[in-house]
Protein chains: 2
Amino acid sequence: MKFSKVPEATIRRLSTYAHHLEVLEENGEVVVSSANLAQACGVNAAQVRKDLAYFGEFGIRGVGYYIKDLADNIKTILGLNREWRVAIIGIGNLGASLLLYKEFFKNNYKIVAAFDINPAEVAGRVSERTGKPVEILNPDQLKEVAKDRRIDIAMITTPASEAQKVADLIAQTTIRGVLNFTPAQIQMPKGFEVKNYFFTAVLDTVAYLLKWKRR
Amino acid sequence: MKFSKVPEATIRRLSTYAHHLEVLEENGEVVVSSANLAQACGVNAAQVRKDLAYFGEFGIRGVGYYIKDLADNIKTILGLNREWRVAIIGIGNLGASLLLYKEFFKNNYKIVAAFDINPAEVAGRVSERTGKPVEILNPDQLKEVAKDRRIDIAMITTPASEAQKVADLIAQTTIRGVLNFTPAQIQMPKGFEVKNYFFTAVLDTVAYLLKWKRR
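Description of the structure in this document. Given the structure is predicted, the values throughout are model-derived calculations rather than measurements.

Let us now look at the packing of helix α2 (residues 34–41) of chain B against helix α3 (residues 45–53) of chain B. Think of two packed helices as two axes; the pair is described by the angle between the axes and how far apart they sit. All names here are of chain B. At a minimum axis separation of 8 Å, α2 and α3 run at an interaxial angle of 100 degrees. Taken together, the axes of α2 and α3 lie roughly perpendicular to each other. Residue-level inspection shows Ser34, Ala35, Leu37 and Ala38 of α2 in contact with α3, the latter providing Ala45, Gln47, Val48 and Arg49. Partitioned by chemical class, the residues of the contact of α2 with α3 number five nonpolar, two polar and one charged.

In structure tokens:
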């Protein structure tokens, strides 16, 4: 099965739907209407139906969606019914936050390795925050560790000036997914799935909207 | 002037172009071709020209773009030729990282206030990391502080379960832009520009692409 024509905005919304369905499930709900699911997720009901229609027929007329079924289906679509093994490269403020981020455990992402060019110093600093020993590896071990620990996705949280060097290292490994948190645009060979996630770009969008739409 | 029909993807790319143009400028470059700008930003030259065409005619045939002019124009378009005053609400791991994030200073965003429901405890913890005293305010001061410090944008970095409470507080202030870092979908009255920036949604996109596109 291939879903190559599905817009990425749909995928991001599916991720939101899945999260909200989990909240409903935790609250003991069984069924949700597309209108309620839509409202909780900040879209309209037609959008929910259109997004789901890419993947099949999930709703029941006059009832809505069975929460657990729909959540399971979305997780299967997104590939969240398996574990994704993640590495963090660059353990500064942001990298350390991600390393300590509890939300990961809910989402089938497992951080299996953390890398920094100053492993000993960084391990000391992070351990101080957690009160537990933390393993930080040298990036020159990336290729070997990626294979041994079956890393799927690398998150780049170095300074922007180091991002391409890290991308070049990743290109030599078995890792195939990259989430680039730096403002640098990284070049990678074909066959890698690279997403940029630089938050000031989103902040710029808010600034733009505030500047132009509210006059 | 209103640019209400410009796609948000264009705005995000403009932000990327602006960042790359700054790097070129710092390197002493004067002119860049649309092909080179495009390549550095991970898009094609036609996309660069199309994105810029929403706002006017910037290139010179056979020359390309004057880097400083184009950077200045994009900053004006995005509203980055002025200071945007930002508050961070919820100073856990992520909030503290944002508070200490140096990239802000380059981008005309100024963090003017930080809020947490445990101000004293959090101020102590953050001060330990920075070696300097840090002011953390109680969220019940938000309305007053937002007005006094002319806060434009609030970043919500609380646990997801608290996000709507914070959104309700923001709705009563003069703040009009919101960047929600939590997985919760927040509801706000009309007139607010709200963007969600929950990073596992992007990670989910990478997982989806790895699952389906590489078979």
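And the narrative resumes.
The interface is formed by 51 residues belonging to chain B together with 51 residues belonging to chain A. Every element with two or more residues in the side of chain B that touches chain A is listed here: α1 (8–26), α2, α5 (93–99), β6 (177–180), β7 (193–196) and α9 (199–213) of chain B. Per-element tally for the side of chain B that touches chain A: the top contributor is α9 of chain B, with 15 residues. For the side of chain B that touches chain A, the class distribution of residues is 25 nonpolar, 14 polar and twelve charged.

With that out of the way, let us pick up the sheet that holds strand β3 (residues 84–89) of chain B. All names here are of chain B. The five strands are arranged β4-β3-β5-β6-β7 in an open sheet whose pairing can be described as parallel. Only two strands of the sheet have a single partner each, and these edge strands are β4 (109–115) and β7. With direction set aside, neighbouring strand axes in the sheet form an average angle of 20 degrees. Lying on the sheet, helix α8 (residues 163–171) is in contact with β3, β5 (153–156) and β6; it crosses β5 at an angle near 165 degrees.

Here we come to the nonpolar core. The biggest cluster of nonpolar side chains holds 62 residues, and the ones touching the most others in it are Ala154 and Met155 of chain B. Structurally, this core is a two-domain feature, drawing no fewer than three residues from each of domain 1 (8–78) and domain 2 (84–201) of chain B. Beyond its immediate stretch of four places on either side in the chain, alanine 154 of chain B contacts Ala87, Ile89, Ile170, Ile175 and Val178 of chain B. Ala18, Val86, Val122 and Ala154 of chain A belong to the second-largest nonpolar core, a separate cluster that totals 61 residues.

Attention now moves to the sheet that holds strand β6 (residues 177–180) of chain A. Residue and element names in this part refer to chain A. Spatial strand order, β4-β3-β5-β6-β7: five strands in an open sheet with parallel pairing. Each edge of the open sheet carries a strand with a single partner, namely β4 (109–115) and β7 (193–196). Looking at each pair of strands side by side, their axes are set apart by 20 degrees on average, direction ignored. Relative to strand β5 (residues 153–156), strand β3 (residues 84–89) runs parallel, the two being bridged by four bridges. The residue bridging isoleucine 88 from the neighbouring strand is methionine 155, located in β5. Of the strands in this sheet, β3, β5 and β6 touch helix α8 (residues 163–171), which is tilted by about 170 degrees from β5.

A few words on the relation of the copies chain B and chain A. Note: a rotation about an axis with an accompanying shift along it relates these two copies of the chain. With an RMSD of 0.0 Å, the fit of chain B onto chain A corresponds to turning through 180 degrees and sliding 0.0 Å along the axis. On this basis, the relationship between the two copies can be described by a two-fold rotation axis. In this assembly the copies share their binding face: 100% of the residues contributing to the interface of chain B also contribute to that of chain A.

Within the fold, tyrosine 17 of chain A resides in helix α1 (residues 8–26). A tally of 24 C-beta atoms within 10 Å means that tyrosine 17 of chain A is categorised as buried.

Rules behind the numbers
Residues numbered from 1 in each chain as written. Chains lettered and ligands numbered in written order. Predicted model: local features only at pLDDT ≥ 70, side-chain atom pairs only at ≥ 80, totals over all residues. Axes fitted to C-alpha atoms, helices over the stretch in contact; angles between N-to-C directions. Helix = DSSP H or I, 4+ residues; strand = E, 2+ residues; numbered from the N terminus. Parallel < 35°, antiparallel > 145°, perpendicular 65-115°, else oblique. Contact = placed C-beta atoms within 7 Å. Nonpolar A, V, L, I, M, F, W, Y, C, P; charged D, E, K, R; others polar. Pairing = 2+ DSSP bridges. Core = buried A, V, L, I, M, F, W, Y, C linked by C-beta atoms within 7 Å. Buried ≥ 20, exposed ≤ 12 C-beta atoms within 10 Å, placed from the backbone. Domains from an automatic or database assignment. Least-squares fit on C-alpha atoms with pLDDT ≥ 70 in both.

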